[in-house]
Amino acid sequence: MKLQAAKALTGCVFLLLAPAVIADTPAVYRYQQANGVTAFSDRAPKNRPYIKVRFDCFACNLKSKVDWHNTPLFLQKYQQEIAAAALHHQLDPALLRAIIHAESAFNPKALSKSGAAGLMQLMPATATEVGVKNVWHQQQNIQGGASYLAFLLKRYKGNIKLAMAAYNAGPGAVDKHQGIPPYAETQTYVERVQLLWSRYQQANQAS
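Residues numbered from 1 in each chain as written. Predicted model: local features only at pLDDT ≥ 70, side-chain atom pairs only at ≥ 80, totals over all residues. Heavy atoms only, no water.

S.K.: Any chance you could break down the nonpolar core for me, citing the residues and the numbers?
M.R.: Residues L96, I99, L149, M164 and Y189 are the most contacted members of the largest nonpolar core, which totals 52 residues. Counting only elements with at least two residues in this core, the list comes to helix 1 (79-89), helix 2 (93-104), helix 4 (138-155), helix 5 (160-169) and helix 7 (184-206). Non-local contacts of L149, meaning those with residues more than four positions away in its chain, are made with L91, L95, L96, I99, A163 and M164. (Core = buried A, V, L, I, M, F, W, Y, C linked by side-chain atoms within 4.5 Å. Buried < 20%, exposed > 50% of the residue type's maximum accessible area, 1.4 Å probe, protein only. Helix = DSSP H or I, 4+ residues; strand = E, 2+ residues; numbered from the N terminus. Contact = heavy atoms within 4.5 Å.)

As structure tokens, this is what we get:
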């Protein structure tokens, strides 16, 4: 979401305020599980080799070696917060979970170089527009991201692909190109979010 436009809910131009001084972006640890599947965590695994990595948008990395068809899902984290946000904004909770997975891999302390922060990687201006006072507060971040997503879905008449592209590249880019922008990062992001969404839906049906 590092390309997310400063415009959020209106066509006004917002003054971007410099974010508060925050410590370096928290690390994420990549390691192989016993079954050979690559996993990520915000804590270093014990008794297992790992690589310390950082990323701006988890699903945007074109060189990612993650097996998106089999990478472990986050089925238990923030259940109440996601359910409440999905109900309030009339969204599929599986879609919200897929976006959080794609944006931050469920790392609530994720911070991109462009200032996108938290679980749903909200840019400062967007967070302000959707009423998020503390972007690091998990419930507020999820509610804010859900509000922005609902706005995008309404703007693009329920077209999930266009809403996802706008969440990543900004509505301006989607409008300019009259569809998903020809950016490799955005196209990859949309594909991976759709895959994650399908997997979360299937997991919910199986539970």
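S.K.: Account for the side chain of T188, naming residues and giving values.
M.R.: The residue T188 is located in helix 7 in this model. Other than its neighbours up to four places away in sequence, T188 contacts A59 and L62.

S.K.: I'd love a proper account of the pattern of salt bridges, names of residues and values included.
M.R.: The full count for this structure, using the stated rule, is 1 salt bridge. The residue D175 makes a salt bridge to R155 at a minimum N-O spacing of 2.4 Å. With D175 in helix 6 (residues 171-177) and R155 in helix 4, this pair connects stretches of sequence that are 20 residues apart. (Salt bridge = Lys/Arg side-chain N within 4 Å of Asp/Glu carboxyl O.)

S.K.: Please give an account of the packing of helix 1 against helix 2 that cites residues and values.
M.R.: Remark: helix 1 packs on helix 2, axes separated minimally by 9 Å, with the N-to-C direction vectors making an angle of 120°. Classified by the angle between their axes, helix 1 and helix 2 sit oblique to one another. For the element pair helix 1 and helix 2, the recorded crossing hand is right-handed. Of the residues in helix 2, those touching helix 1 at Q79, I82, A85 and A86 are P93, L96, R97 and I100. For the contact of helix 1 with helix 2, a count of residues per class yields 6 nonpolar, 1 polar and 1 charged. (Axes fitted to C-alpha atoms, helices over the stretch in contact; angles between N-to-C directions. Parallel < 35°, antiparallel > 145°, perpendicular 65-115°, else oblique. Left-handed = near helix turned anticlockwise from the far one by under 90°. Nonpolar A, V, L, I, M, F, W, Y, C, P; charged D, E, K, R; others polar.)

S.K.: Which residues make up the packing of aromatic side chains, and what values go with them?
M.R.: This structure, assessed with the given rule, holds 4 aromatic pairs. Between F74 and F106 the ring centres are 4.7 Å apart and the planes differ by 20°, which places this aromatic pair in the stacked class. Here F74 is found in the loop between strand 3 (50-53) and helix 1, whereas its partner F106 is found in the loop between helix 2 and helix 3 (124-129), with 32 residues between them in sequence. Here F74 falls in the buried class, since its relative accessible area comes to 16%. On the numbers, 5.7 Å between centres and 55° between planes, the contact of Y148 with Y167 is tilted. Of this pair, Y148 sits in helix 4 while Y167 is found in helix 5, placing the two residues 19 residues apart along the sequence. Like Y148, the residue Y167 is buried in the burial classification. Site record: aromatic cluster; members linked through ring pairs are F74, Y78 and F106. (Phe/Tyr/Trp six-rings, centres within 6.5 Å; stacked < 30°, edge-to-face > 60°.)

S.K.: How would you sum up the confidence of the model for the protein chain? Please name residues and give values.
M.R.: Per-residue confidence for the protein chain gives a mean pLDDT of 82; residues scoring 70 or more make up 80%. In the predicted structure, residues 2-26 sits below a pLDDT of 50 and forms 48 contacts with residues beyond four places in sequence or in another chain. (pLDDT = per-residue confidence, 0-100.)

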